[in-house]
Amino acid sequence: MCCGIPLYVNEWESFVLIGISKQDIREHIWDCMESQNLADFPRPVHHRIPNFKGASHAAEQLLRLPAFRTARTIKVNPDAPQKNARFFVLENKKTLLVPTPRLRTGLFNKITPPPGATKDILRKCATSQGVRNYSVPIGLDSRVLVDLVVVGSVAVSEKGWRIGKGEGYADLEYAMMVSMGAVSKETPVVTIVHDCQVVDIPEELLEEHDITVDYILTPTRVIATGCERPKPMGITWSKISWEMMEKIPILRRLHAREQQAGKDVTLQGEHRHPPEPGWQQTLPPSAGRRPQDTPGPEANSMEAACGSPRGEGAPLAADVYVGNLPRDARVSDLKRALRELGSMPLQLTWEGRRHRAFLRYQNSAAAQQAVSCLQGLCLGTDTLRVALARQQRDK
């Protein structure tokens with residue numbers, strides 16, 4: 001037993017029979033670390049990847065791994081117990097990639113220390129504040145190759161089975177890296193934990209989207225798990241909800257990309273793909289157009305590119321306003337972003353000098369869905385303003 005957690009499979013058998021869950025294991029670990037005063041700031045550790053006393057010493061074990069010495073690009077999660085791991089990556093002049101918090105603004109940030117950075121500056125770069133101040137975003141088309149992945153854990157077994165804090169971001173980050181070709185099944189995965197976090201985990205709790213680990217680093221041990229359980233081969237879309245899609249723009253882009261590639265991208269609770277308007281749909285001329293929607297002389301309509309003749313008598317369409325377009329943005333940039341997100345309008349009216357565009361959708365429901373899908377969309381470094389056109393005029 002360790003902190004009240006059984007260490008051997010036969011000790012788990014009675015627990016399995018009464019339905020022990022991942023959350024039960026998490027709560028045991030968190031309670032143990034608090035009650036035994038093994039936790040470090042921030043506290044309490046509940047609902048976190050726990051920071052622990054001795055985390056810096058455990059991270060030093062990373063330097064002993066051949067996989068670390070040969071790696072050129074390393075992804076390390078942003079949690080507190082991995083701070084020293086991030087520092088060691090920078091100190092050894094390797095490329096450090098850190099996931100963006102909750103994937104709100106993308107997948108990775110590449111940490112770029114200033115020229116001639118001292119150890120003190122590198123340590124600052126390895127903190128959460130440093131990640132914000134010394135990084136550049138890495139997009140889906142960057143063709144980055146990750147040689148080593150370092151993740152946090154709440155619990156992990158010597159067989160390489162891992163339990164996170166329950167939100168699924170580490171599993172999703174890994175699956176997204178697989179989808180964009182950044183990692184392969186040979187890419188080693190390392191976790192850094194306290195010794196009390198190494199426990200047996202019933203195999204019945206594992207799911208196909210759960211990431212496994214190849215090395216466990218603790219303050220006292222380096223454990224090579226020899227794990228043979230396959231890692232996720234990509235995103236399990238049936239585990240992804242529409243709510244998560246709305247929160248994570250890069251996930252929407254991957255969804256659109258894999259959908260175009262003909263993969264099954266059916267989401268959680270969805271029985272079929274939702275209908276999406278395509279670029280080739282036609283819009284008769286004045287379909288619900290109001291005088292104030294009329295573009296100026298510079299407006300560049302996509303009708304010619306889409307082959308969209310204009311005629312009378314169509315149902316009332318709905319427009320989406322896109323503002324804050326960068327000064328150097330082109331209509332092709334916006335078209336490309338819309339395709340990646342799978343939010344293709346019937347018509348696009350471009351008003352570059354006024355830094356805005358209008359997207360026409362077949363009805364108000366499609367327009368509202370587009371507004372939700374496009375929230376957080378960036379062109380270059382600028383985040384676009386997106387709203388229903390009528391709401392924007394009212395403002």
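**A look at the confidence of the model for the protein chain**
Scored by pLDDT, the protein chain has a mean of 81; 81% of the residues are at 70 or more. Low pLDDT, under 50, characterises residues 4-18; the predicted model gives this stretch 28 contacts beyond four residues in sequence or across chains. Confidence drops under pLDDT 50 across residues 272-315; counting only partners more than four residues distant or on other chains, this segment forms 89 contacts.

**As for the pattern of salt bridges**
Under the counting rule described, the total for this entry stands at 17 salt bridges. Between E158 and R221 there is a salt bridge, with the nearest N and O atoms lying 3.0 Å from each other. Highlighted residues: E158 in the loop between β6 (155-156) and β7 (162-163) and R221 in the loop between β9 (215-217) and β10 (222-224), separated in sequence by 63 residues. Residues joined by salt bridges that share partners form a network here, namely K22, E207, D210 and K239.

**Quick look at the side chain of D210**
Of note, D210 is situated in the loop between β8 (189-192) and β9. Owing to a relative accessible area of 6%, D210 belongs among the buried residues under this scheme. A polar atom in the side chain of D210 sits 2.8 Å from the side chain of K22. At 2.8 Å, the side chain of D210 forms a polar contact with the backbone nitrogen of E207. Excluding residues within four positions of it along the chain, D210 makes contact with K22, D171, L205 and P232.

**Comments concerning unusual backbone geometry**
Residue F41 is joined to P42 through a cis peptide bond whose omega torsion reads 0°. Relative to the elements of secondary structure, P42 occurs in the loop between α2 (22-35) and α3 (55-60). Cis peptide bonds are those with omega within 30 degrees of zero, and the linkage from R43 to P44 qualifies with -5°. If you trace the backbone, P44 turns up in the loop between α2 and α3. Phi angles above zero are rare outside glycine, and N37 is one such case at about 55°. Here N37 lies in the loop between α2 and α3. Residue class for N37 comes out partly exposed when judged on its relative accessible area of 40%. Phi is positive for N324, close to 65°, though the residue is something other than glycine.

**Some points on the packing of helix α8 (residues 169-179) against helix α10 (residues 249-260)**
Interaxial distance between α8 and α10 falls to 11 Å at its minimum, and their mutual angle equals 40°. The angle between the axes of α8 and α10 places the two elements in the oblique class. Note that α8 runs across α10; the crossing there is left-handed. For the pair formed by α8 and α10, the contact residues are L172, M176 and S179 on the first element and I250, L251, L254 and E258 on the second. Its residues placed into classes, the contact of α8 with α10 shows 5 nonpolar, 1 polar and 1 charged.

**What to know about the nonpolar core**
Side chains of nonpolar character tend, in soluble globular proteins, to be buried together. Counting 48 residues, the largest nonpolar core has I25, M33, L62, F68, I74, L148 and I192 as its most contacted members. Residues L97, L103, Y174 and M245 belong to the second largest nonpolar core, which totals 38 residues.

**Regarding the side chain of T73**
One can find T73 in strand β1 (residues 73-76). The class for T73 is buried, based on a relative accessible area of 12%. Excluding residues that lie within four positions of it along the chain, T73 makes contacts with T95, L97, V144, L145, V146, D147 and L148.

**Description of the packing of α10 against helix α12 (residues 331-341)**
It is at 6 Å that the axes of α10 and α12 come closest, and there the two elements cross at 80°. Taken together, the axes of α10 and α12 are roughly perpendicular relative to one another. Residues P249, R252, R253, A256, R257 and Q260 of α10 form the contact with α12, whose participating residues are R339, E340 and L341. When the residues that make up the contact of α10 with α12 are grouped by side-chain class, the tally is 3 nonpolar, 1 polar and 5 charged.

**Some thoughts on the pairing of strand β2 (residues 95-99)**
Of all 5 residues in β2, 4 are buried; the element is thus mostly enclosed. Note that β1 and β2 share 3 bridges and pair parallel. Looking at the pairing, T73 lines up with T95 of β2. Regarding topology, helix α5 (residues 83-91) serves as the crossover connection from β1 to the parallel β2, and that connection is right-handed. Looking at chain direction, β2 and strand β3 (residues 108-111) are connected through 3 bridges and run antiparallel. For L97, the partnering residue across the bridge sits in β3 and is K110.

Rules of the game
Residues numbered from 1 in each chain as written. Predicted model: local features only at pLDDT ≥ 70, side-chain atom pairs only at ≥ 80, totals over all residues. Heavy atoms only, no water. pLDDT = per-residue confidence, 0-100. Contact = heavy atoms within 4.5 Å. Salt bridge = Lys/Arg side-chain N within 4 Å of Asp/Glu carboxyl O. Helix = DSSP H or I, 4+ residues; strand = E, 2+ residues; numbered from the N terminus. Buried < 20%, exposed > 50% of the residue type's maximum accessible area, 1.4 Å probe, protein only. Polar contact = N/O pair within 3.5 Å; in protein donor to acceptor, adjacent residues only side chain to side chain. Axes fitted to C-alpha atoms, helices over the stretch in contact; angles between N-to-C directions. Parallel < 35°, antiparallel > 145°, perpendicular 65-115°, else oblique. Left-handed = near helix turned anticlockwise from the far one by under 90°. Nonpolar A, V, L, I, M, F, W, Y, C, P; charged D, E, K, R; others polar. Core = buried A, V, L, I, M, F, W, Y, C linked by side-chain atoms within 4.5 Å. Pairing = 2+ DSSP bridges. Right-handed = clockwise from strand over helix to strand, strands pointing away.

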